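Results of the structural survey
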Amino acid sequence: MNHEISIQTLCRRLRPAALAVALLLAVGAAADGVSVQWQDSTSLRLAFTVTDGKGIGSNYSVWATPMLTNGRGDTLRLGSTVFRGKRNARLTDRARYYGEPVPQPSGYELPAGATADYAVTISRADAPWLWQGRVSLDTQREREGCCDVEPQPSAHIGHFAYVPPLRPALALVPERGKAGELQRDNPVLRHISQYRPYDGTHLEGALFVHFPLDKHTLLHDFRDNGPTLDRIIDITRAIMADTTSTVKIIQIVGLASIDGPVAHNTRLAGRRADVLKDYVMGRAATPDSLFETVNGGEGWRELRAQLAAGGSPWRDRLLAIIDSEESADRRERLIKRLDGGRAWRWLRDSVLADQRNSGYLRIYYDYKPDSAAITINRAIGLLRQGRHAEALALLRTVSHDDRAQNALGVACFYAGNREEALSRLTRAADSGDACARENLRQLRLIAEAERLND
């Protein structure tokens, strides 16, 4: 592309000098005397000066056109300036007076030896390539006499490259400890404030394991016991090892199906609860005082809930027997005689198998305020507000915490400590922090752009 942009700010200063450039702006990047100010990554403010000496001759003028190029075929002209010798200026003024056509520069018209101050704003939409790699600023020069134009050597003014700002990736740290984090995916976990003694109703979200018919032997490979037992142990161990969380109560409710004498089933339900308790204690190093084991006996309430939610053809009659008969043994006999035993056979094969389990297990936890997480999150808030020094001071107090490393790396970058920033971000990235990996990627781009400015 080859475009020309008009000069938006004009300021003349007369001073003798050779072809030169000078720094005009204090804010932004400066390379070889060129002042560059990037405005929200959407526009570029460029400032420099061009001066041509007096030695061009009284009868001549020099046309100087600053232009930006990237070496890949893109060019942007920034408005030409003409420097006129004394006689050339008088002849040009006379020609204009008599209405003769005289070429007009798009920028300045100055005496030889004067200085043209350029201050140009360029939109990214007009020249996006300025934001992509190294850009050179040169002045194309032509010497013009009364009847000829002679090309002159171009003058290099400077070069620059866009240095992208760091847009830090920062994620808040959970402040509720390991238990609060685990609870999102494990409804078996409940905060201690939600604890209620078992009242015979279904414990929503609780885990349960199965036992063979009329047995209280806990088998890891029976039905889906393996994954359930492993999950119980993993969750318990994780909370026990966490300094910000603590297990308060492990609630186990032992149950048996309604099939058989009530007294026998009650003893069986109690033994199953004790077996599961011993299993957890032996593998998760939990003290006996944490357990609340409840003998739930026969699971009539569980059975009723299953029947009410299902579509059995005997649904209404079964519910009527359960609701009207107080004696559990008589209730069982009535169900077994219903519809010539067909209702019982369906119940035995489709429903009661799932009642032959230890009952339900739920873990109640409590957590302590995570002071380090609170500090890290406060610092992240300061970083987002641009209060980098305050954030760094806060983060120094928790610099031992792995969770602080990404934010620390960002704060160190803003403080100008690149070496520590890279070290902190690398440590965080190596531990699996996705935000740190993104920040490292940005720092590599920034370093490459700064190298192009050298």
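In the block above lies the structure referred to throughout.
Moving on, we come to the overall build of the chain. When its secondary structure is counted, the chain shows 13 helices and 16 strands. Its C-alpha atoms give the chain principal-axis dimensions of roughly 130 × 50 × 35 Å. Counting across all 454 residues of the chain, residues that qualify as buried make up 47%. Counting only contacts in the chain whose residues sit at least 6 apart along the sequence, the fraction spanning at least 24 positions is 70%.

What follows deals with the pattern of salt bridges. All told, the structure shown has 20 salt bridges when counted by the stated rule. With a closest N to O distance of 3.8 Å, Glu150 and Arg143 form a salt bridge. Here Arg424 and Glu420 are joined by a salt bridge, their closest N and O atoms 3.2 Å apart. Linking Arg424 with Glu420, this pair stays in helix α12 (residues 418-430), spanning 4 residues, or about one helical turn. Overall, Arg424 belongs to the buried group, its relative accessible area being 16%. What emerges from the salt-bridge pattern is a single network uniting Arg84, Arg96 and Glu109.

Attention now goes to the packing of aromatic side chains. Under the counting rule described, the total for this entry stands at 10 aromatic pairs. Between the aromatic rings of Tyr195 and Tyr364, the centroid separation amounts to 5.2 Å while the plane-to-plane angle is 85°, which identifies the pairing as edge-to-face. Of this pair, Tyr195 sits in the loop between β13 (189-191) and α3 (225-241) while Tyr364 sits in strand β16 (residues 360-367), and the two are 169 residues apart along the sequence. Taken individually, Tyr195 and Tyr364 each receive the classification buried, so the pair is uniform in this respect. Between Trp314 and Trp346 the ring centres are 6.1 Å apart and the planes differ by 40°, which places this aromatic pair in the tilted class. With Trp314 in the loop between α5 (300-309) and α6 (315-324) and Trp346 in helix α8 (residues 342-350), this pair connects stretches of sequence that are 32 residues apart. Taken together, Trp38, Trp131, Phe160 and Tyr162 form an aromatic cluster joined through their ring pairs.

For residues besides glycine, phi is generally negative; the peptide bonds are generally trans as well. Of note in this structure, Arg223 is not a glycine but carries a positive phi near 50°. You can see Arg223 is positioned in the loop between β13 and α3. Among the residues examined, Arg223 registers a relative accessible area of 46% and is labelled partly exposed. Not every positive phi belongs to a glycine, and Ala285 is a case in point at roughly 50°.

It is worth spelling out the pairing of strand β12 (residues 149-161) at this point. Where strand β11 (residues 134-144) and β12 come together, 10 bridges link them in antiparallel fashion. Residue Glu142 lies in a different strand from β12, and its bridge partner there is Pro151.

Positionally, Ile232 belongs in helix α3. On the basis of relative accessibility, which here comes to 3%, the residue Ile232 falls in the buried class. Considering only alpha carbons, one finds Ile232 and Leu207, 25 residues apart in sequence, at a separation of 8.1 Å. Setting aside residues no more than four positions away along its own chain, Ile232 makes contact with Leu207, Val280, Leu361 and Ile363.

Time to look at the packing of helix α11 (residues 405-414) against helix α13 (residues 434-453). Contact pair α11 / α13: the axes reach a minimum separation of 9 Å and the direction vectors enclose 25°. When the interaxial angle is binned, α11 and α13 end up roughly parallel. Classified by chirality, the crossing of α13 by α11 is left-handed. Here α11 contributes Asn406, Val410 and Phe413 to the contact with α13, which in turn contributes Cys435, Ala436, Asn439, Leu443 and Ile446. Residue classes in the contact of α11 with α13 are distributed as 6 nonpolar, 2 polar and no charged.

This brings us to the sheet that holds strand β15 (residues 291-298). What the 4 strands build is an open sheet, ordered β13-β16-β14-β15; its pairing is mixed. A strand with exactly one partner marks an edge of an open sheet, and here the two such strands are β13 and β15. Each adjacent strand pair in this sheet contributes to an overall mean axis angle of 25°, direction not counted. Taken together, the 6 bridges between strand β14 (residues 245-256) and β15 define a ladder with parallel strand orientation.

The terminal C-alpha atoms of helix α9 (residues 371-384), which comprises 14 residues, lie 20 Å apart, in line with the 20 Å expected from a rise of 1.5 Å per residue. For α9, every residue scored as buried is listed here: Ala372, Ala373, Thr375, Ile376, Asn377, Ala379, Ile380, Leu382 and Leu383. Next to the buried residues of α9 lie α10 (388-396) and α11.

The next thing to look at is the nonpolar core. Formed by 30 residues in total, the largest nonpolar core has its most connected members in Leu166, Leu170, Ile376, Leu383, Leu395, Ala407 and Phe413. Secondary structure elements with two or more residues in this core: α9, α10, α11, α12 and α13. Broken down by element, this core gets its largest block of residues, 7 residues, from α9. Residues contacting Phe413, with those up to four places away along its chain left out, are Leu166, Arg418, Ala421, Leu443 and Ile446. One finds Val34, Ala114, Ile122 and Trp129 within the second-largest nonpolar core, a separate group that totals 28 residues.

A few words on a positive patch on the surface. On the surface, a cluster of positive charge is contributed by Lys86, Arg87, Arg90 and Arg94. You can see Arg87 is positioned in helix α1 (residues 86-97).

Bringing α12 into the picture now. With 13 residues, α12 should reach 18 Å at 1.5 Å per residue; the first-to-last C-alpha distance of 18 Å fits that figure. Within the span of α12, buried status applies to Glu420, Ala421, Arg424, Leu425, Ala428 and Ala429. Seen along its axis, α12 keeps its buried residues to an arc of 165°; they face one direction. Seen from the buried face of α12, the exposed residues on the opposite side, beyond 90 degrees, are Glu419 and Asp430. The elements touched by buried residues of α12 are α10, α11 and α13. In the stretch just after α12, Gly432 is the one whose phi turns positive, near 100°.

How each quantity is defined
Residues numbered from 1 in each chain as written. Predicted model: local features only at pLDDT ≥ 70, side-chain atom pairs only at ≥ 80, totals over all residues. Heavy atoms only, no water. Helix = DSSP H or I, 4+ residues; strand = E, 2+ residues; numbered from the N terminus. Buried < 20%, exposed > 50% of the residue type's maximum accessible area, 1.4 Å probe, protein only. Contact = heavy atoms within 4.5 Å. Salt bridge = Lys/Arg side-chain N within 4 Å of Asp/Glu carboxyl O. Phe/Tyr/Trp six-rings, centres within 6.5 Å; stacked < 30°, edge-to-face > 60°. Pairing = 2+ DSSP bridges. Axes fitted to C-alpha atoms, helices over the stretch in contact; angles between N-to-C directions. Parallel < 35°, antiparallel > 145°, perpendicular 65-115°, else oblique. Left-handed = near helix turned anticlockwise from the far one by under 90°. Nonpolar A, V, L, I, M, F, W, Y, C, P; charged D, E, K, R; others polar. Expected span 1.5 Å × (residues − 1). Core = buried A, V, L, I, M, F, W, Y, C linked by side-chain atoms within 4.5 Å. Patch = residues over 30% accessible without salt bridge, like charges linked within 9 Å, V, L, I, M, F, W, Y side chains within 5 Å. Areas by Shrake-Rupley, 256 points an atom, 1.4 Å probe, with all protein chains shown as cover. Lys, Arg positive; Asp, Glu negative; His and termini not counted. Charge placed at Lys NZ, Arg CZ, Asp CG, Glu CD. Arc of directions from axis to C-beta.

Geometry only, nothing functional implied.
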